[in-house]
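The residues making up each chain are set out below.
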Amino acid sequence: GLAAGMGMGRVLLVLSAACAVMPAKDPLLNVCMDAKHHKTKPGPEGMLYDQCAPWKDNACCTANTSSEAHKDQSNLYNFNWNHCGLMPAKCKRHFIQDTCLYECSPNLGPWIDQADSSWRRERILHVPLCKEDCEEWWEDCKDYVTCKENWHKGWNWATGTNRCPWGSMCRPFSHVFPRPKDLCEKIWSNSYKYTTEHRGSGRCIQMWFDPAQGNPNVVVAKYYAWKKRSSPAWMENVTPGTDKAKCALPWPVLVLLSLVFVVLHDGAGGCGSHGWGSL
């Protein structure tokens, strides 16, 4: 029995080594969306500007995009923050940070969705934003004025930049967006979802983080990618051979692997190593 067990152990070692040398590309992790200014794949960018700098180790944006994100009249989308008078700096920094997250983050894969715009094929939808990020954004902007609830569409673009549509009034942010949830969910057509999850919980995306502590959104993307793949809708859409998240081993090896697990299972107990069994 001992020799057989050791033999099985060796087989497992060989198989895990084979898995290690063939890293599986996960279509939901470490990806850039197919949009106007994004790189095709993430990588280091030494010179990301100012508020976009936290993403410099692994970014979907270029240095040029990162500096454009900070301008009042940015060439990224010709978007004018000051459409109802001058936006205060404490408010604008949140919009700059939001732009940096959108353009630079490689951790938004689980929420990438098809878009029907001429300028991008993909967008983000329902990204779970940390409670603090949303509430601080609202708090710092509540005294600014705006004429629109959804900033994605419906502007008057006659002059080449966004102006308030005819008949609209500039009103305080706190009237247009009575609660932080309204701001985060409505301003970019549900790109974000307001959550009660806190920064550092591993369950929500942070717009703001200290790069010295690493990027906290990496583990969040992994958690939601796992959750998405566990959903019935995802299972139905995955045809055999296209789920790249599996270890890329030839099928005879996979058959052998499953046999080994069957034999070993009696003595091994359950497999809740990630603590997911309790979710």
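Thresholds, definitions, all that
- The residue count restarts for each chain, going from 1 along the sequence in the order it is written.
- Only residues with pLDDT of at least 70 are given local features in this predicted model, and only at 80 or more are side-chain atom pairs given and counted; all residues enter the totals for whole chains, interfaces and linings.
- Calculation of side-chain values draws on the structure's entire complement of heavy atoms; hydrogens and water are dropped beforehand.
- Helix and strand labels come from DSSP, where a helix needs a run of H or I of at least four residues and a strand needs a run of E of at least two; each type is numbered from the N terminus.
- For this analysis, residues touch if any pair of their heavy atoms sits within 4.5 Å.
- Only Phe, Tyr and Trp rings take part, Trp by its six-membered ring, and two of them pair if their centres are within 6.5 Å. Stacked means planes under 30 degrees apart, edge-to-face means over 60, and tilted covers everything else.
- Under the scheme applied here, a residue whose accessible area is under 20% of the maximum for its type counts as buried, over 50% as exposed, and between as partly exposed, the area being computed with a 1.4 Å probe on protein chains only.
- Any Lys NZ or Arg CZ that is within 6 Å of a ring centre and within 35 degrees of that ring's normal is treated as a charge sitting over the ring.
- Here a salt bridge means any side-chain nitrogen of Lys or Arg lying within 4 Å of a carboxyl oxygen belonging to Asp or Glu.
- In this description, a line fitted to the C-alpha atoms serves as the axis of each element, helices being fitted only across the stretch in contact, and the angle between N-to-C directions of two axes falls anywhere from 0 to 180 degrees.
- Should the near helix be turned anticlockwise from the far one by less than a right angle, the crossing is termed left-handed; should it be turned clockwise, right-handed.
- Note on residue categories: nonpolar means Ala, Val, Leu, Ile, Met, Phe, Trp, Tyr, Cys or Pro, charged means Asp, Glu, Lys or Arg, and polar means any other residue, Gly included.
- Note that a disulfide, as used here, is simply two cysteine sulfur atoms within 2.5 Å.
- Per-residue confidence from the prediction method is given by pLDDT, with values spanning 0 to 100.
- For a helix, the expected span equals 1.5 Å multiplied by the residue count minus one.

1. Things to note about the environment of E135
Reasoning step 1: You can see E135 is positioned in helix α4 (residues 131-141).
Reasoning step 2: C-alpha of E135 to C-alpha of K181: the two residues are 46 residues apart in sequence and 8.0 Å apart in space.
Reasoning step 3: Contacts of E135, omitting those with residues within four sequence positions, involve P180 and Y194.

2. Quick word on the packing of aromatic side chains
Any pair of aromatic rings gets described here by the distance separating the centres and the angle formed by the planes.
Reasoning step 1: Inspection of every chain in the model, using the stated rule, returns 19 aromatic pairs.
Reasoning step 2: Taken together, a centroid distance of 5.3 Å and an interplanar angle of 80° make the contact between F95 and W137 edge-to-face. Pair noted here: F95 is in helix α3 (residues 89-104) and W137 is in helix α4, with a separation of 42 residues, a long-range link.
Reasoning step 3: Judged by its relative accessible area of 0%, F95 falls in the buried class.
Reasoning step 4: A ring pair is formed by Y223 and Y224, whose centres lie 5.0 Å apart and whose planes are at 80°; its orientation type is edge-to-face.
Reasoning step 5: By relative accessible area, Y223 is classed as buried at 11%.
Reasoning step 6: Residue classification places Y224 among the buried positions, given a relative accessible area of 17%.
Reasoning step 7: When the ring centre of W155 is taken as reference, the NZ or CZ atom of K148 above it lies at 5.6 Å.
Reasoning step 8: Between R203 and the ring centre of Y223, over which it is positioned, the NZ or CZ distance is 3.7 Å.

3. Things to note about the pattern of salt bridges
Reasoning step 1: On inspection of all chains with the given rule, the structure shows eleven salt bridges.
Reasoning step 2: E135 is paired through a salt bridge with K131; the nearest N and O atoms lie 3.1 Å apart. Here the residue E135 and the residue K131 both occupy positions in helix α4, the gap between them amounting to four residues, near one helical turn.
Reasoning step 3: Overall, the relative accessible area of 28% leaves E135 in the partly exposed class.

4. Some thoughts on the packing of α3 against α4
Reasoning step 1: The N-to-C vectors of α3 and α4 enclose an angle of 140°; their axes lie 7 Å apart at closest approach. Remark: the crossing between α3 and α4 carries left-handed chirality. Two secondary-structure elements touch here, α3 through K90, C91, R93, H94, F95 and D98 and α4 through E136, W137, D140 and C141.
Reasoning step 2: Of the residues belonging to the contact of α3 with α4, the class tally is four nonpolar, one polar and five charged.

5. Details of the state of the cysteines
What makes a disulfide is a covalent bond joining the sulfur atoms belonging to two cysteines.
Reasoning step 1: Within the structure shown, the criterion is met by eight disulfides.
Reasoning step 2: C91 shares a disulfide with C141; S-S distance 2.1 Å. The disulfide joining C91 to C141 has a torsion of about 100° about its S-S bond and is therefore right-handed. Pair noted here: C91 is in helix α3 and C141 is in helix α4, with a separation of 50 residues, a long-range link.
Reasoning step 3: Each sulfur in the disulfide pair C147 and C164 lies 2.1 Å from the other. The S-S bond linking C147 to C164 shows a torsion near -90°; that makes this disulfide left-handed. Taken together, the residues C147 in the loop between β4 (145-146) and β5 (171-172) and C164 in the loop between β4 and β5 connect sequence positions 17 residues apart. Just as C147 is buried, C164 falls in that class too.

6. Concerning the confidence of the model for the chain
Reasoning step 1: Overall, the predicted model of the chain reaches an average pLDDT of 79, with 72% of residues at or above 70.
Reasoning step 2: Under a pLDDT of 50 for its full length, residues 266-279 has, in the predicted model, four contacts with residues more than four places off or in other chains.

7. Overview of α4
Reasoning step 1: Every buried residue of α4 is accounted for by D133, C134, W137, W138, D140 and C141.
Reasoning step 2: The elements touched by buried residues of α4 are α3, β3 (127-129), α5 (173-176), α6 (180-186) and β6 (192-194).

8. Some details on helix α7 (residues 217-229)
In an α-helix, one turn spans 3.6 residues, which is why side chains three or four residues apart end up on the same side.
Reasoning step 1: Between its first and last C-alpha atoms α7 spans 18 Å; for 13 residues at 1.5 Å apiece the expected length is 18 Å, and the two agree.
Reasoning step 2: Taken together, the buried positions of α7 are occupied by N217, V220, A221, Y223, Y224, A225 and R229.

9. Observations regarding unusual backbone geometry
Reasoning step 1: Positive phi is not limited to glycine here, since S189 has a value of about 45°.
Reasoning step 2: Relative accessible area serves as the criterion here: at 13%, S189 is assigned to the buried category.
Reasoning step 3: For N190, which is not glycine, the phi torsion reads 65° and is therefore positive.
Reasoning step 4: Topologically, N190 is positioned in the loop between α6 and β6.
Reasoning step 5: Overall, the relative accessible area of 35% leaves N190 in the partly exposed class.

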